[in-house]
Amino acid sequence: MAGVFGRHYHSPDRCERTEMAEPDDTDASFLLDLGRHVRTMRGRRGMSRKVLAKVSGISERYIAQLESGKGNVSIMLLRRISEALATPLEDLLPSNESSADWPVIRDLVRRATPVQIAHAKDVLSGLGRFGGMEREATFHGIALIGLRGAGKSTLGKMLADSIGWSFVELNREIERQNGLSVSEIIALYGQEGFRRMEQTALSRLLARQEPIVLATGGGIVSEPITFDQILTSFYTIWLKAEPEEHMARVRGQGDLRPMADDRAAMQELRTILQSREPLYARAAGVLDTAGLSVEAAAQKLVAMVSPVLSRDAGAFGLREAAP
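Keep in mind it's a predicted model, so treat the numbers as computed, not measured. (Residues numbered from 1 in each chain as written. Predicted model: local features only at pLDDT ≥ 70, side-chain atom pairs only at ≥ 80, totals over all residues. Heavy atoms only, no water.)

Chemist: How would you sum up the packing of helix α10 (residues 170-178) against helix α11 (residues 182-207)? Please name residues and give values.
Modeler: With their axes 9 Å apart at the nearest point, α10 and α11 run at an angle of 105° to one another. One element, α10, and the other, α11, form an angle in the roughly perpendicular class. Contact residues: L170, N171, R172, E173, I174, E175, Q177 and N178 in α10; V182, I185, F194, M197, E198, T200, A201, L202, R204 and L205 in α11. Across the contact of α10 with α11, the residue classes tally to 9 nonpolar, 4 polar and 5 charged. (Axes fitted to C-alpha atoms, helices over the stretch in contact; angles between N-to-C directions. Helix = DSSP H or I, 4+ residues; strand = E, 2+ residues; numbered from the N terminus. Parallel < 35°, antiparallel > 145°, perpendicular 65-115°, else oblique. Contact = heavy atoms within 4.5 Å. Nonpolar A, V, L, I, M, F, W, Y, C, P; charged D, E, K, R; others polar.)

Chemist: Please set out the pairing of strand β4 (residues 235-240) residue by residue, giving values where relevant.
Modeler: Along β4, 5 of the 6 residues are buried, which leaves the element largely enclosed by surrounding structure. Inspection of the sheet shows strand β1 (residues 141-145) paired to β4 by 4 bridges, in the parallel sense. Directly across from I145, in β4, lies its bridge partner W238. (Buried < 20%, exposed > 50% of the residue type's maximum accessible area, 1.4 Å probe, protein only. Pairing = 2+ DSSP bridges.)

Chemist: Can you tell me about helix α9 (residues 152-163), naming the residues and giving the values?
Modeler: Look at α9: 16 Å from first C-alpha to last across 12 residues, which is about the 16 Å you get at 1.5 Å a residue. Restricting attention to buried positions, one finds in α9 the residues K152, L155, G156, L159, A160 and I163. Buried residues of α9 fall within an arc of 135° about the axis and therefore sit on the same side. One or two positions beyond α9, positive phi appears at G164, with a value near 80°. (Expected span 1.5 Å × (residues − 1). Arc of directions from axis to C-beta.)

Chemist: Kindly report on unusual backbone geometry, identifying the contributing residues and their values.
Modeler: In the Ramachandran plot, Q209 falls in the positive-phi region, its phi being about 55° despite a non-glycine side chain. By secondary structure assignment, the location of Q209 is in the loop between α11 and β3 (212-215).

Chemist: Lay out the nonpolar core with the relevant residues and their values.
Modeler: Inside soluble globular proteins, nonpolar side chains tend to come together where they are buried. Counting residues in hydrophobic clusters, the biggest one holds 30 residues, and the most contacted among them are L214, I230 and F234. Top contributing element to this core by residue count: α11, with 8 residues. In this structure, I230 is in contact with A143, L202, L214, T216, I220 and T236, ignoring residues within four places of it in sequence. By size, the runner-up hydrophobic cluster in this structure holds 21 residues, among which are I142, Y235, L287 and A298. (Core = buried A, V, L, I, M, F, W, Y, C linked by side-chain atoms within 4.5 Å.)

Chemist: Please provide a residue-by-residue account of α11, values included.
Modeler: With 26 residues, α11 extends just 22 Å between its outermost C-alpha atoms, more than 12% less than the 38 Å of an ideal straight helix rising 1.5 Å per residue. At Y189, α11 shows its largest kink, close to 120°. Along α11, the residues that are buried comprise V182, I185, G193, F194, R195, M197, E198, Q199, A201, L202, L205 and L206. Buried-residue contacts for α11 involve α7 (102-111), β2 (166-169), α10, β3 and α12 (224-233). Immediately downstream of α11, the backbone of Q209 shows phi near 55°, a positive value. (Bend = angle between axes of the 7 residues up to and from the residue.)

Chemist: Talk me through a nonpolar patch on the surface; I want residue IDs and the actual numbers.
Modeler: Residues W102, I105, V109 and I117 make up a contiguous nonpolar surface patch of roughly 340 Å² in combined accessible area. It is α7 that contributes the most residues to the nonpolar patch, 3 residues altogether. When you line up the elements, W102 lands in helix α7. What makes W102 partly exposed here is its relative accessible area of 41%. (Patch = residues over 30% accessible without salt bridge, like charges linked within 9 Å, V, L, I, M, F, W, Y side chains within 5 Å. Areas by Shrake-Rupley, 256 points an atom, 1.4 Å probe, with all protein chains shown as cover. Salt bridge = Lys/Arg side-chain N within 4 Å of Asp/Glu carboxyl O.)

Below, the structure is given as structure tokens:
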């Protein structure tokens, strides 16, 4: 099988190679941007080059060339990469679009019915009856985001115990609702199927209308609609740490996914963190746990959310805020 992929995808066709002109500066800049986008999307998905190569059927060496801006990529090969990453093809292409809301709007339009699209067009053009109204945000509690090993489960449970709320790990909720482990879901349905179940589980949690402390999966930020729901429904806090601390904590838990047996594990972790940092940074608050004991980090977390509870907890009829 590897030989088949090698013949078809490792390099451009010989005839194409001899007929194509040398890339100019604009082409070289485009290829560099393209490589950066592919590397960023791979990082957001938490995939190593080795995993991406296995899923896409493209050699790891060629993916490395592509990410470095040296790969003369065909559109068919790029499509295979986008499918392996379970991300729209256009997200891999360099773009001047800088709005953080654009991916959310795009994905909502893709799922909309013709009637919903017609209403949206009216609103955007100023003709709709909701044209001048802002979306009302509902406070559902505190959500913790961050890379695996940030302490979301440990600190989230301690925070929930401190303020008397329920603590929910979103991944465990997905497993409970579907009767399968996360690894089994991904093996059976792929990343795209897992993300659909993640969004369903989150919607069901929000429908409960009760305050919770929610620990999310590290890759939730790569799903525009789901992450937007988190940001608008919870006071979101990014638990931040140094890459070395993330790695030490994950190894301490005996969990090496998805970096097991990877000699470049630390570099892959840095790539994932660097790719996700702009999304994690959209959180309302940031708690840097670097160098802190669990107890010290928990105290800081409680202090951070106290003003938020004083302001928003009334929505649940709570008389007292956090201690």
